[in-house]
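Fold and contact review
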Amino acid sequence: MEFVLKHKEFAHLREVKAFPNALNPHKEESRALVRAMIDQVMALHEDLKWFHIGCDEVYYLGEGEESKQWLQQQDNTPEKLCLSHIKAVASCVALSYPTVTPIVWDDMLRGMSEETLAESGVPQLVQPMIWDYAADLDVEGKVRLIEKYRRCGFSKVWFASAFKGATGVNQSLTLIGHHLKNHLQWLEVASNSPADVLEGIALTGWQRYDHFSVLCELLPVAIPSLAVCLQALKNGGYSEKIKENVEKLLGMSNLETDTFVSTVLGTFPGSNILTLVTQVSFYLKSSVDELLERNRYVTGWFSPYHRKRRIIHPIIMHHFQPDAVSLLSKWNAVVQDLQAAMEQVFHKCTVEEWMEENVHPSLQKLQQVVDDLDKAIKAQN
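Criteria and cut-off values
Residues numbered from 1 in each chain as written. Predicted model: local features only at pLDDT ≥ 70, side-chain atom pairs only at ≥ 80, totals over all residues. Heavy atoms only, no water. UniProt positions renumbered as here; feature names shortened; annotations may be inferred. Helix = DSSP H or I, 4+ residues; strand = E, 2+ residues; numbered from the N terminus. Phe/Tyr/Trp six-rings, centres within 6.5 Å; stacked < 30°, edge-to-face > 60°. Buried < 20%, exposed > 50% of the residue type's maximum accessible area, 1.4 Å probe, protein only. Lys NZ or Arg CZ within 6 Å of the ring centre and 35° of its normal. Pairing = 2+ DSSP bridges. Domains from an automatic or database assignment. Contact = heavy atoms within 4.5 Å. Buried area = accessible area lost by both parts, 1.4 Å probe.

The name that an unreviewed UniProt entry assigns to the chain is beta-N-acetylhexosaminidase, with the source organism given as Athene cunicularia. Taken directly from UniProt, the Catalytic activity (unreviewed entry) text for the chain runs: "Hydrolysis of terminal non-reducing N-acetyl-D-hexosamine residues in N-acetyl-beta-D-hexosaminides."

Right under this line is the structure:
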């Protein structure tokens, strides 16, 4: 809800006045807003069988003023409040789109008792999607959870894995091994569960951790991970033969799953972005830091003190000026290529944000040193 509730015209529908991540479930206007959102998505996607209505991580549910009053009434609990809202939204989907089954994230349901879930009537209306993005997810725990959901009356469940995201809020490269293990664990869960219980699996690919966080891995960077995860699911596991097949499909010769590789080439769409992002992630900061923090001529004869006063030893200058200038021109060329490649795929604001987060801090530092050097040389002359 953050991308809606952040706007001042919807802020009055927040559960807690200061926080834009939960909806006040007591207001009729809240339900009307959700209905409008559902209708807008439905209008763009005909022939849907399922519709995901969200409902995860509603941390502040029950903390709004109206909720506090509601919770003071006998037998009312935060769990019942959550379930009644899920029921209201799911019923609205069922009423307007009778052939569509609503899906909900399951984390708000996990800790609820079987009795509470069964009595709510929610299991007859929705299918829960059990999410876990860890490489070491607890297979037995998931199997038990599925059994519990079955006993409560849910006819089917979904799994949710991740092929990118979930490994670091500002992660720029995708660690394929982590995501592959996550999918292999889900395959274990599936093979230990009744065959008729699983409706499907959603492979999530995060662009951000939430609406306000920075970008994590870009889609083109994670396409090899998506290919590996899909092939693992399709084949019920992962082997050398499957790896070779994925490499062939992607036009890659060295698909590493357990480490990041510093040179990545491929022929799949967006592979040029992966190649350039890898270069930036591996070498930009380290090469600039090497020059500015570990080159003794820079640290000893062109420190911030020297730069501020435009002092430079004419002999020492020749020891690092060519390196600084050539490093700057090399990175400017790489960044120009990356910018052009990204503009083929992303909106300008995305390109701008990624550059500001991942490129500018180091590149501007380097540019500044080269500029200061020029000023110091001019002052000498």
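Before going further, it helps to spend a moment on the UniProt feature "domain: Glycoside hydrolase family 20 catalytic" (unreviewed entry) in the chain. Residues given the UniProt feature "domain: Glycoside hydrolase family 20 catalytic" (unreviewed entry) here are residues 15-120. End C-alpha atoms of residues 15-120 are separated by 22 Å, and the span's content is 52% helix alongside 8% strand.

Looking now at the packing of aromatic side chains. For the structure shown, the criterion picks out 10 aromatic pairs. Judged by centre distance (6.0 Å) and plane angle (35°), the ring pair of Tyr297 and Trp301 falls under tilted. Residue Tyr297 and its partner Trp301 are both found in helix 12 (residues 296-301); the two are separated by four residues, about one turn of the helix. Where Phe302 meets Phe320, the ring centres are 5.8 Å apart and the plane angle is 35°; that geometry is what we call tilted. With Phe302 in the loop between helix 12 and helix 13 (304-309) and Phe320 in helix 14 (residues 314-343), the pair connects residues that are 18 residues apart, well separated along the chain. You'll find Phe302 and Phe320 in the same group, each marked buried. An aromatic cluster of at least three residues, connected via ring pairs, comprises Trp131, Tyr133, Trp206 and Tyr209. Directly above the aromatic system of Trp131 lies the positively charged group of Arg110, at a separation of 4.7 Å from the ring centroid. Taking the ring centre of Trp331 as reference, the NZ or CZ of Lys330 above it sits at 4.6 Å.

Here we come to the pairing of strand 3 (residues 127-131). With five of its five residues buried, strand 3 lies for the most part within the structure. Side chains Gln127, Met129 and Trp131 of strand 3 all project onto a buried face; the interleaved residues Pro128 and Ile130 project onto the opposite face, where all are buried too. Where strand 2 (residues 101-105) lies against strand 3, three bridges are found, and the strand directions are parallel. Paired with Ile103 across the bridge in strand 3 is Gln127. Taken together, the three bridges between strand 3 and strand 4 (residues 157-164) define a ladder with parallel strand orientation. Bridging across to strand 4, Ile130 finds its partner in Phe159.

This part is about the pairing of strand 2. Successive side chains on a regular strand alternate, one facing one side of the sheet and the next facing the other. A large share of strand 2 lies buried, amounting to four of its five residues. One ladder, built from three bridges, connects strand 1 (residues 50-52) with strand 2; its direction is parallel. Residue His52 lies in a different strand from strand 2, and its bridge partner there is Ile103.

Entries for the chain in the domain assignment read domain 1 (1-128), domain 2 (132-153 + 161-267) and domain 3 (271-380). A C-alpha centroid distance of 28 Å is found between domain 1 and domain 2. With 18 residues of domain 1 at the contact, the number on the domain 2 side is 12 residues. Contact between domain 1 and domain 2 buries roughly 1,200 Å² in total, counting both sides, with carbon and sulfur atoms accounting for 57%. Three residues stand out in domain 1 for area buried against domain 2, namely Glu2, Arg110 and Glu114, and they jointly supply 38% of the buried area on that side.

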